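Below, each chain spelled out in residue letters.
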Amino acid sequence: MPRRRKRHQPAKLGSTLTHLFRPSKRNYYRSKLLHPESILYFCLIVLASFSIVRALRFFPSLSSSILGYASNITAEDVLIQTNQQRVNQGLSELKINEKLSQAALAKGQDMFTDQYWSHTSPDGMEPWSFIKESGYVYKAAGENLARDFMDTTEMMEAWMKSPTHRANIVNNKFEEIGIAVINGNLQGFETTLVVQMFGSPTTVANNKAGQQQLLTDSARQEVASVKSATDQETQVLAGSVLLPNPLDNPVLLTPLHLTKAFFLAVIILITATLIYDSFIVRNRQIVMAFNKNLGHLLVLGAVTFILIFFRSGLIQ
Amino acid sequence: MKFNFNHHKLAYAVLLIGIGIFLFYFFAVWPNRVAQRLSSLIFAVFYFLWGITTHIKTSRLNSKVITEYFAVSLLIGLLLFLITI
């Protein structure tokens, strides 16, 4: 009896695989994996894999050591590229104001503390409240937010493509800026938040305070690394406030990468089956009025292209 | 497949144009995730309708074809919708 079972198992497996991939009379000359019910099962697999990646946030020890968005964004780069965009539009460069930078930092820390991603906090606190709390008196003010970006250039590109964010960056009313680049855990995943606070001061006193905090060309180069009270590395630019705390653990891959990997695996399996199915049908010269495989292959190719080139990063 | 392609040039031309417009629009509206999501859903519906229309023309439309196009459209719509969340 055991001998029989051993012989039977590979045959059964082979038969199942043939049924799944090879068009034959048994599967009505269409690979079983391409039957509508199988495609619907793939939909469930896609939903399940997406849910698993999302559910990882409930396992902090796992998600913080594996998943997250590691970026090389620095406040200095953000300032340089913001001013570059303004100069391109024939506008004056924005000057760093320490109070605005403190407001930006407070806003970023508040988002990490209360775990939200919005201009308005869950308790109704608006960006202007952070600016006022920092002691900055303004005629006009604005805020740009970004998260999950890998580098400054990509983030600036996203901001400039959004009409409302672009309006802040190239607003001729704004004279000063505060920037905070902060790393932390937001909604279960390690990420980098970037907060830009724009303002135009009202009083002479405000102007003077701002002037003292200006970034001169030489001061911009003076990047110093110091240890903060929480023993986290803090990057400080002379005359400005920039506090990117390094990620607690270097992450291996982003949640987006993991989601893409699951989705691409599903597409590759279906695409391979479609190609094999077409090959067999053609070789056996099975008559078909219209081959659906080519249409499916074309749209799956488009989806694959999107999955590969889809970029992470959100702006608010 | 070549034989098939030659007999349905117009249908595949429409599909290729649809895919081209969709790809261009999807990347052009970046970083607007809502617009990307919306265009993905429209694309999935477009593919479903394309499949049905093409099969009506070949007089080979049946419930199995409809469910197959529905399932594939649902799958691509789902993949694109979830990636933009």
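Residues numbered from 1 in each chain as written. Chains lettered and ligands numbered in written order. Predicted model: local features only at pLDDT ≥ 70, side-chain atom pairs only at ≥ 80, totals over all residues. Heavy atoms only, no water.

Student: Report on the overall build of chain B, specifying residues and quantitative values.
Tutor: When its secondary structure is counted, chain B shows four helices and zero strands. Helices and strands appear in chain B in the N-to-C order α-α-α-α. Projecting the C-alpha coordinates of chain B onto the three principal axes gives extents of approximately 40 × 25 × 15 Å. Once local pairs closer than 6 in sequence are excluded, the contacts in chain B between residues at least 24 apart make up 57%. (Helix = DSSP H or I, 4+ residues; strand = E, 2+ residues; numbered from the N terminus. Contact = heavy atoms within 4.5 Å.)

Student: Lay out the sheet that holds strand β3 (residues 176-186) of chain A in plain terms, naming residues and giving numbers.
Tutor: Residue and element names in this part refer to chain A. Taking strand neighbours across the sheet as the criterion, the five strands line up as β1-β3-β4-β2-β7 in an open arrangement whose pairing is mixed. Looking at which strands have only one partner, the edges of the open sheet turn out to be β1 (95-96) and β7 (314-315). Where β3 and strand β4 (residues 189-201) come together, 11 bridges link them in antiparallel fashion. By the bridge assignment, Ile182 is partnered in β4 with Leu193. (Pairing = 2+ DSSP bridges.)

Student: Go over the pattern of salt bridges with me, naming the residues and quoting the values.
Tutor: When the charged atoms of two side chains with opposite charge come close together, those side chains can pair. The full count for this structure, using the stated rule, is eight salt bridges over all chains. For Arg311 of chain A, the salt bridge goes to Glu154 of chain A, with nearest N and O atoms at 3.5 Å. With Arg311 of chain A in the loop between α12 (292-309) and β7 and Glu154 of chain A in helix α7 (residues 152-161), this pair connects stretches of sequence that are 157 residues apart. For Arg311 of chain A, a relative accessible area of 28% translates into the label partly exposed. Each of the salt bridges in this network shares a partner with another, and the network as a whole consists of Arg30, Asp277 and Lys292 of chain A together with Glu68 of chain B. (Salt bridge = Lys/Arg side-chain N within 4 Å of Asp/Glu carboxyl O. Buried < 20%, exposed > 50% of the residue type's maximum accessible area, 1.4 Å probe, protein only.)

Student: Describe helix α2 (residues 36-55) of chain A, listing the residues and the values that go with them.
Tutor: Here α2 of chain A is 20 residues long and its end C-alpha atoms lie 28 Å apart, about the 28 Å a rise of 1.5 Å per residue gives. When α2 of chain A is considered as a whole, its buried residues turn out to be Pro36, Ser38, Ile39, Phe42, Cys43, Val46, Ser49, Phe50 and Val53 of chain A. Seen from one end, α2 of chain A has its buried residues packed into an arc of 160°, which puts them on one side. In α2 of chain A, the exposed positions that point more than 90 degrees away from the buried face belong to Tyr41, Leu44 and Ile52 of chain A. Along its buried surface, α2 of chain A packs onto β4 and α11 (255-284) of chain A together with α4 (63-83) of chain B. (Expected span 1.5 Å × (residues − 1). Arc of directions from axis to C-beta.)

Student: Explain a nonpolar patch on the surface to me, using residue names and the numbers behind them.
Tutor: There is a patch of nonpolar side chains on the surface, built from Leu40 of chain A together with Phe70 and Leu74 of chain B and spanning about 240 Å² of accessible area. Relative to the helices and strands, Leu40 of chain A is located in helix α2. (Patch = residues over 30% accessible without salt bridge, like charges linked within 9 Å, V, L, I, M, F, W, Y side chains within 5 Å. Areas by Shrake-Rupley, 256 points an atom, 1.4 Å probe, with all protein chains shown as cover.)

Student: How would you sum up the pairing of strand β2 (residues 138-147) of chain A? Please name residues and give values.
Tutor: Residues and elements named next belong to chain A. With eight of 10 residues buried, β2 lies mostly within the body of the structure. One ladder, built from nine bridges, connects β2 with β4; its direction is antiparallel. Opposite Ala140, over in β4, you have Ser200 as the bridge partner.

Student: Just give me the short version of the packing of helix α2 (residues 9-28) of chain B against helix α3 (residues 33-57) of chain B, but keep the residues and values in it.
Tutor: Residue and element names in this part refer to chain B. One can describe the packing of α2 onto α3 by two numbers: an axis separation of 10 Å at closest approach and a directional angle of 175°. When the axes of α2 and α3 are compared, the pair comes out roughly antiparallel. Along its contact with α2, which presents Ala11, Tyr12, Val14, Leu15, Gly18, Ile19, Phe22, Tyr25 and Phe26, the element α3 presents Ala35, Gln36, Ser39, Ser40, Phe43, Phe46, Tyr47, Trp50 and Thr54. Per-class residue counts for the contact of α2 with α3 are 13 nonpolar, five polar and no charged. (Axes fitted to C-alpha atoms, helices over the stretch in contact; angles between N-to-C directions. Parallel < 35°, antiparallel > 145°, perpendicular 65-115°, else oblique. Nonpolar A, V, L, I, M, F, W, Y, C, P; charged D, E, K, R; others polar.)

Student: Kindly report on empty space enclosed by the protein, identifying the contributing residues and their values.
Tutor: Inspection of every chain in the model, using the stated rule, returns one cavity of 30 Å³ or more. Forming the boundary of the largest cavity are Arg30, Leu34, Ile39, Ile270, Leu274, His296 and Leu300 of chain A together with Glu68, Val72 and Leu75 of chain B. Those elements giving two or more residues to the lining of the largest cavity turn out to be α11 and α12 of chain A together with α4 of chain B. Split into classes, the residues belonging to the lining of the largest cavity amount to seven nonpolar, one polar and two charged. (1 Å grid on protein atoms, 1.4 Å probe; cavity = no way out; pocket = protein on both sides within 12 Å on 5 of 7 lines; lining within 4 Å. Points joined across faces, edges and corners; volume = space filled by probe spheres on them.)

Student: An account of the nonpolar core is needed here, citing residue identities and associated values.
Tutor: Of all hydrophobic cores here, the largest spans 45 residues; its most connected members are Val46, Phe263 and Ile270 of chain A together with Tyr47, Leu75 and Ile76 of chain B. Within the residue set of this core, elements represented by two or more residues are α2, α11 and α12 of chain A together with α2, α3 and α4 of chain B. Here this core takes 11 residues from α4 of chain B, the largest share from any one element. By size, the runner-up hydrophobic cluster in this structure holds 25 residues, among which are Ile73, Leu79, Ile169 and Ile177 of chain A. (Core = buried A, V, L, I, M, F, W, Y, C linked by side-chain atoms within 4.5 Å.)

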